[in-house]
Amino acid sequence: MSIYKDIKRLTTESIRAMKHENNKIAMLTSYDFTMAQMADTGGLDMILVGDSAANTMAGHETTLPITLDQMIYHGQSVVRGTKRALVVVDLPFGSYQSNPDKALESAIRIMKETNAQAIKLEGGKEIKKAVKKIVNAGIPVVGHLGLTPQSVNQFGGYGLRAKEDAEAEKLKKDALLLEKLGVFALVLEKIPAKLAKEVTESLDIPTIGIGAGADCDGQVLVIQDMLGMNKGFKPKFLRQYLNLYEQITGAISQYVEDVKSTDFPNEKESY
């Protein structure tokens, strides 16, 4: 449980301080009001309204189809369900890559319309102008390097990134660049643990890993994955804390049986 549990709302400075206090940052995704309430009550430090909503909530194969309007809807729902966790909303594919002005416009819409505390976007040197413009406008930014799901078609899949020296060197340079540009935290996804440790030690800002080993300053998982709601999805980096798929389908099956047998509703459940 975070030492910041009783703070009304964590800030970017709270999150940055946790790195230097060696207080690991606990982060999960959330996409709706009900789940956000439970996640926030559980003591999370950060909640990510990820573009992974395209997969978990809408059933798409990739994160690419989700729109800015849809991300704003999910962001609004999550913010209404939280009191203390710092809420970060992803900029979706196509909302920031084409030019810095569009990136700033997208970020402003998210901040104004969701009341979230920060935005996240993927990439390094390629998007430096967009990052600079957003940060200079006073909007907190989380970076994202390694496996960047919006680039899945370029990568050819969701495999481990930065295994080779050239890509690892670029990632290290991009991490330092993003810190210089003013991002306050950095997600490292599916890269070798040794590289994540090196990057984490080179930065003054916290790193948050997903499939990047134990030496990052924090960890993030998709909440449906760690709760076991997605049947059959069990990558190496995932620890499943529940098996809600079986529990929920079992409960629904029991409800169906009770309705058909006229056991539900009984006298106590009737007016």
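Nothing here was measured: the structure is a model prediction, and the numbers come from that model.

J.: Can you break down the overall build of the protein residue by residue, with the values?
T.: Across its full length, the protein holds 11 helices and 8 strands. Here the C-alpha radius of gyration of the protein, 20 Å, is about what a compact globule of 271 residues would show, namely 18 Å. C-alpha atoms of the protein, sized along the principal axes, occupy 65 × 40 × 40 Å. Taken across its 271 residues, the protein has 49% of its residues classed as buried. Considering only residue pairs separated by 6 or more positions, the protein has 58% of its internal contacts joining residues 24 or more positions apart. As displayed, the protein offers around 14,100 Å² of accessible surface, 53% of which is attributable to carbon and sulfur atoms. For the protein, the separation between the mean place of its 33 positive charges and that of its 34 negative charges on side chains is 5 Å.

J.: How would you summarise the pairing of strand S3 (residues 86-90) if you had to cite specific residues and measurements?
T.: Along any regular strand, the residues point their side chains to alternate faces of the sheet. Among the 5 residues in S3, 5 count as buried, and that is most of the element. Residues Leu-86, Val-88 and Asp-90 of S3 are buried on one face, and the alternating residues Val-87 and Val-89, pointing to the opposite face, are buried as well. Two elements, strand S2 (residues 46-49) and S3, share 4 bridges in a ladder whose sense is parallel. Looking across to S3, one finds that Leu-48 is bridged to Val-88. Here S3 pairs with strand S4 (residues 118-120) via 3 bridges, running parallel. Note on S4: the bridge partner recorded for Val-88 is Ala-118. Handedness of the crossover is the feature at issue here: the chain leaves S3, passes through helix H5 (residues 100-114), returns alongside S4, and the resulting connection is right-handed.

J.: Can you explain the packing of helix H6 (residues 128-136) against helix H8 (residues 165-181)? Please cite residues and give values.
T.: Angle between the axes and distance between the axes are the two parameters that describe a pair of packed helices. It is at 9 Å that the axes of H6 and H8 come closest, and there the two elements cross at 25 degrees. Between H6 and H8, the crossing angle belongs to the class labelled roughly parallel. Note on packing geometry: the crossing formed by H6 with H8 is right-handed. Facing H6, whose interface residues are Lys-128, Val-131, Lys-132 and Val-135, H8 presents Leu-177, Leu-178 and Leu-181. Looking at the contact of H6 with H8, its residues break down into 5 nonpolar, no polar and 2 charged.

J.: Please give an account of the packing of aromatic side chains that cites residues and values.
T.: Counted according to the given criterion, the structure contains 1 aromatic pair. Above the ring of Phe-155, the side-chain terminus of Arg-161 is found at 3.9 Å from the ring centroid.

J.: Give a detailed account of unusual backbone geometry, specifying residues and quantitative values.
T.: Residue Pro-265 follows Phe-264 across a cis peptide bond; omega there is 0 degrees. With respect to the helices and strands, the residue Pro-265 is situated in the segment after helix H11 (244-260). For Asn-115, which is not glycine, the phi dihedral falls at a positive 65 degrees. In this structure, Asn-115 sits in the loop between H5 and S4. Under the relative-accessibility criterion, Asn-115 is labelled exposed at 54%. With a phi angle near 60 degrees, Ala-162 is a residue other than glycine that sits in the positive phi range. Following the sequence through the fold, Ala-162 ends up in the loop between helix H7 (152-155) and H8.

The rules we used
- Residues numbered from 1 in each chain as written.
- Predicted model: local features only at pLDDT ≥ 70, side-chain atom pairs only at ≥ 80, totals over all residues.
- Heavy atoms only, no water.
- Helix = DSSP H or I, 4+ residues; strand = E, 2+ residues; numbered from the N terminus.
- Rg over C-alpha atoms; globule rule 2.2 N^0.38 Å.
- Buried < 20%, exposed > 50% of the residue type's maximum accessible area, 1.4 Å probe, protein only.
- Contact = heavy atoms within 4.5 Å.
- Areas by Shrake-Rupley, 256 points an atom, 1.4 Å probe, with all protein chains shown as cover.
- Lys, Arg positive; Asp, Glu negative; His and termini not counted.
- Charge placed at Lys NZ, Arg CZ, Asp CG, Glu CD.
- Pairing = 2+ DSSP bridges.
- Right-handed = clockwise from strand over helix to strand, strands pointing away.
- Axes fitted to C-alpha atoms, helices over the stretch in contact; angles between N-to-C directions.
- Parallel < 35°, antiparallel > 145°, perpendicular 65-115°, else oblique.
- Left-handed = near helix turned anticlockwise from the far one by under 90°.
- Nonpolar A, V, L, I, M, F, W, Y, C, P; charged D, E, K, R; others polar.
- Phe/Tyr/Trp six-rings, centres within 6.5 Å; stacked < 30°, edge-to-face > 60°.
- Lys NZ or Arg CZ within 6 Å of the ring centre and 35° of its normal.

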